[in-house]
Amino acid sequence: MLSSRDTVPISLLVSLSLLVTLIWLSPVTFPSPVARAQSEDACPSLPPPTDPIVDVSTVAQLQTAVNTAPSGTTIRIADGTYHLNGVYLRFETPNVTLRSASGDREAVVLDGDYITTEIIQIVASDITIADLTLREAYHHPIHVMSTSGGDTLNTFIYNVHIIDPREQAIKINPYTDVGAVYFPDDGVIACSHIELTDSGRPHVNPTAGGCYTGGVDAHQAQGWVIRDNVIEGFWCDEGLSEHGIHMWRGCRDTLVERNMLRDNARGIGFGLDEDGDGRTYPDDPCPSASGGYVDHYGGIIRNNFVFASRSELFSSGYGFDCGICLWQACGAQVLHNTVASTQNPKASSIEWRFDHTDVDIVNNLATFRLWDRGGTARLLENLEYQPLSLFVDGAGGDLHLASTATDAIDQGASVAAGLCDDDIDGDTRPIGAALDIGADEYGIPPPAAVTDLRVTQAVTGTGTLTVTLVWTAPPDAVTTTLRCSGAFITESNWAGASLISDTLPGGTETFTAVVPYSGGPVYFALKTQNAEGDPSGLSNNAFWPSWDIFLPLVIKGN
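Please read all numbers here as calculations on a predicted model, not as lab measurements.

Participant: Can you help me understand the nonpolar core in this one?
Facilitator: Nonpolar side chains in soluble globular proteins tend to be buried together. One finds Leu98, Leu110, Ile120 and Leu326 to be the most contacted residues of the largest nonpolar core, which totals 74 residues. Element by element, the count of residues in this core is highest for helix H2 (residues 59-68), at 4 residues. Beyond its immediate stretch of four places on either side in the chain, Leu98 contacts Leu62, Ile75, Ile77, Leu89, Phe91, Ile120, Thr128, Ile129, Ala130 and Leu132.

If you want it as structure tokens, here you go:
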């Protein structure tokens, strides 16, 4: 038995706890820690590469490395501007990565000077392109294609800056438009900036309607994720540009989320043609079409900002046409997007068209109309014709909700779990009493739950226990509440546990508490609060097991 004022080293407690766990015949199972309430940063730096690594610093070295790299190689490009002068990089070997050595996408520029037709061609699976700038390709800066011999899968385009393509910035299509049996599927385009500037606009290919350009353009591709990008400027003085993001000709199950699309003639498009020779699927994902043509199957468009404000765009030949356009799109879900413009679009903020369109449009916020042009749409809790005053800076393009946006805050319809659990910033929905309408969930999210609360020292006294507790404070915590109990603390009994303190600063990461003690285990847990007083989830339990509790368990285990 420990005497008064004895100190128990934490290493002894840990060792004894492990011993009990190993030999106790009926071990106690504790609940797992509460999951983080807020998603991690969506665009972290890529981890350092592993061997084999090839470092290059000239165009000739770069071309040779791409042509000869075995599978598993990372090609690292030294900082600098590389004028390709017609050289293009064709990836025919799978599992090769091309990235800047520094990780700074602005420090490595591959410049086509409108001479190189396509800067990067991808015809093999598991290719990664990251941390680079590509500019002034005569056709497409990045072109992903299947081949007549196999699919091209798992392309990963990350933290890439594409400037002034003459045609579409990222083109995705099979090796043939008709009768293809291999396809470019399951790619990711993330954390990138794709733009057509005023300097590049005069160079756009004037064929095919006068403005043959666009951001991401995919034909017959399945399972692509396009997230956390900025795409802007795709319009022409004459002619109608393709969309900032356009998936059609039988694309399927595209996820488009958390993108910012600014000043594009058309924002996000699923489908375009009423009839055609697009890809079909043996499982018939759109039985309501009864075998008729579908230009896009399934897919989700969620948590995007689509914004237009430039007077030059509005006065151009086609102006701002539509924000989200669903043409011959079957099974798409359009959830929690914000489409705003300083002038009315030529067509709509959101529209659906053609007989085989069958979509769900829920909790979207628009400054102009939602337009029924044919097909079937199930509408729920959308707001149209809304003023720019609902936003923090509606005229400037900050489409986060203002505190006065009461028509949108807490007014959304319930959405099934997993469909749209966070917002454009990664904040968990809902923050208030109900979901907000639009891409932004107003308010400050609660801090993440602490998962590493632990006892580092314990001292017994006459009727007291003095413990030192240590944890990692969430960065957005303002205050911390700490409680203890003789029973394991859960959400259901949290309020009844003894309060140690509810005034600790949010940045506190160690605290010594003196609590009444008459024997047995003592459990500790905490919650932190944000600036609005919203609590985090419950932390893990830290506990101090006294010697006379463990000894009988050890004996019983024998």
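Participant: Mind showing me how you'd approach the sheet that holds strand E5 (residues 89-91) here?
Facilitator: Note on sheets: strands pair through backbone hydrogen bonds, and any given pair is parallel or antiparallel. If you trace the 10 strands from one edge of the open sheet to the other, you get E5-E8-E10-E13-E17-E20-E24-E28-E31-E34, paired in parallel fashion. Across the chains shown, the open sheet's two edge strands, defined by having one partner strand only, are E5 and strand E34 (370-373). Taken pair by pair, the neighbouring strands of this sheet meet at an average axis angle of 15°, ignoring direction. Looking at chain direction, E5 and strand E8 (residues 120-122) are connected through 3 bridges and run parallel. Paired with Leu89 across the bridge in E8 is Ile120.

Participant: What is the right way to read the confidence of the model for the protein from this model?
Facilitator: Regions with low pLDDT carry predicted coordinates that are not meant to be interpreted in detail. When pLDDT is averaged along the protein, the result is 91; 91% of the residues meet or exceed 70. Every residue in residues 1-39 is under pLDDT 50, and counting partners more than four places away or in other chains gives 55 contacts. In the model, residues 546-558 has pLDDT below 50 throughout and makes 19 contacts with residues more than four positions away in sequence or in other chains.

Participant: What is the right way to look at the state of the cysteines in this model?
Facilitator: Each disulfide consists of one covalent bond between the sulfur atoms belonging to two cysteines. A complete count under the given rule lists 4 disulfides for this structure. Here Cys211 connects covalently by a disulfide to Cys236, the sulfurs 2.0 Å from one another. Taking the sign of the S-S torsion, about 70° here, the bridge from Cys211 to Cys236 comes out right-handed. One end of the pair, Cys211, is in the loop between strand E16 (193-195) and strand E17 (214-219); the other, Cys236, is in the loop between strand E19 (230-232) and strand E20 (245-248), with 25 residues separating them in the sequence. Since its relative accessible area comes to 1%, Cys211 is described here as buried. What pairs with Cys286 in a disulfide is Cys330, and their sulfur atoms sit 2.0 Å apart. Its S-S torsion of approximately 85° makes the covalent link between Cys286 and Cys330 right-handed. Of the two residues, Cys286 sits in the loop between strand E24 (266-270) and strand E25 (296-297) while Cys330 sits in strand E29 (residues 329-335), which places them 44 residues apart along the sequence. Like Cys286, the residue Cys330 is buried in the burial classification. Counting its disulfide-bonded cysteines in sequence order, the protein shows a connectivity of 1-2, 3-4, 5-8, 6-7. Cys330 supplies the cysteine sulfur nearest to Cys251, a cysteine that is in no disulfide, at a spacing of 15 Å. Here Cys420 stays unpaired: no disulfide links it, and the sulfur of Cys43, its closest cysteine neighbor, is 17 Å away.

Participant: Got a minute to help me understand the sheet that holds strand E41 (residues 498-505) in this structure?
Facilitator: Within the open sheet, the 4 strands sit side by side as E41-E40-E43-E44. Their pairing is antiparallel. Each of the sheet's edge strands pairs with one partner strand only, and the pair in question is E41 and strand E44 (542-544). Within this sheet the neighbouring strands show an average axis-to-axis angle of 20°, counted without direction. Relative to E41, strand E40 (residues 479-485) runs antiparallel, the two being bridged by 5 bridges. Looking at E41, one finds that Thr480 is bridged to Leu504.

Participant: Sorry, what's going on with the environment of Asp126 here?
Facilitator: Take Asp126: it is sitting in the loop between E8 and strand E9 (128-135). By relative accessible area, Asp126 is classed as partly exposed at 35%. Sequence separation between Asp126 and Gly72 is 54 residues; the distance between their C-alpha atoms is 9.5 Å. Ignoring anything within four residues of it in the chain, the contact list for Asp126 reads Asn95, Val96, Leu153 and Asn154.

Participant: In this structure, what is going on with the environment of Asn159? I would like to understand it.
Facilitator: Topologically, Asn159 is positioned in strand E12 (residues 156-163). For Asn159 and Thr147, which are 12 residues apart along the polypeptide, the C-alpha to C-alpha distance reads 26 Å. Ignoring any residue separated from it by four or fewer positions in sequence, one finds Asn159 in contact with Gly103, Arg105, Ala130, Asp131, Leu132, Ala190, Cys191 and Ser192. Of the polar contacts made by the side chain of Asn159, one reaches the side chain of Asp131; its length is 2.8 Å.

Participant: Before we go on, may I ask you to explain the pattern of salt bridges in this structure?
Facilitator: Two side chains carrying opposite charge are able to pair once their charged atoms lie near each other. Inspection of the entire model under this criterion finds 26 salt bridges. The salt bridge partner of Arg279 is Asp185, with a shortest N-O separation of 2.9 Å. Residue Arg279 is located in the loop between E24 and E25, and its partner Asp185 is located in strand E14 (residues 184-185); the two are separated by 94 residues in the primary sequence. For the pair shown, Arg279 and Asp185 are each scored as buried. One salt bridge connects Glu257 with Arg258, and the closest N-O pair in it is separated by 3.4 Å.

Participant: I would appreciate a short explanation of the side chain of Asp131 in the present structure.
Facilitator: With respect to the element layout, Asp131 can be found in strand E9. Of the residues examined, Asp131 reaches a relative accessible area of 5% and is grouped as buried. Non-local contacts of Asp131, meaning those with residues more than four positions away in its chain, are made with Leu46, Arg99, Ser100, Gly103, Asp104, Arg105, Tyr158, Asn159 and Val160.

Participant: Just checking my understanding: could you explain the pairing of strand E43 (residues 522-529) for this structure?
Facilitator: Every other side chain in a regular strand lies on the same face of the sheet, so the side chains alternate between the two faces. With respect to burial, E43 is a largely interior element, 8 of its 8 residues being buried. Residues Val522, Phe524, Leu526 and Thr528 point to one face of E43 and Tyr523, Ala525, Lys527 and Gln529 to the other, with burial holding for every one of them. As judged from the 7 bridges shared by E40 and E43, these two strands associate in the antiparallel manner. Pairing of Arg483 across the sheet is with Ala525, part of E43. Two elements, E43 and E44, share 3 bridges in a ladder whose sense is antiparallel. By the bridge assignment, Val522 is partnered in E44 with Trp544.

Thresholds, definitions, all that
- Residues numbered from 1 in each chain as written.
- Predicted model: local features only at pLDDT ≥ 70, side-chain atom pairs only at ≥ 80, totals over all residues.
- Heavy atoms only, no water.
- Core = buried A, V, L, I, M, F, W, Y, C linked by side-chain atoms within 4.5 Å.
- Buried < 20%, exposed > 50% of the residue type's maximum accessible area, 1.4 Å probe, protein only.
- Helix = DSSP H or I, 4+ residues; strand = E, 2+ residues; numbered from the N terminus.
- Contact = heavy atoms within 4.5 Å.
- Pairing = 2+ DSSP bridges.
- Axes fitted to C-alpha atoms, helices over the stretch in contact; angles between N-to-C directions.
- pLDDT = per-residue confidence, 0-100.
- Disulfide = S-S within 2.5 Å.
- Polar contact = N/O pair within 3.5 Å; in protein donor to acceptor, adjacent residues only side chain to side chain.
- Salt bridge = Lys/Arg side-chain N within 4 Å of Asp/Glu carboxyl O.

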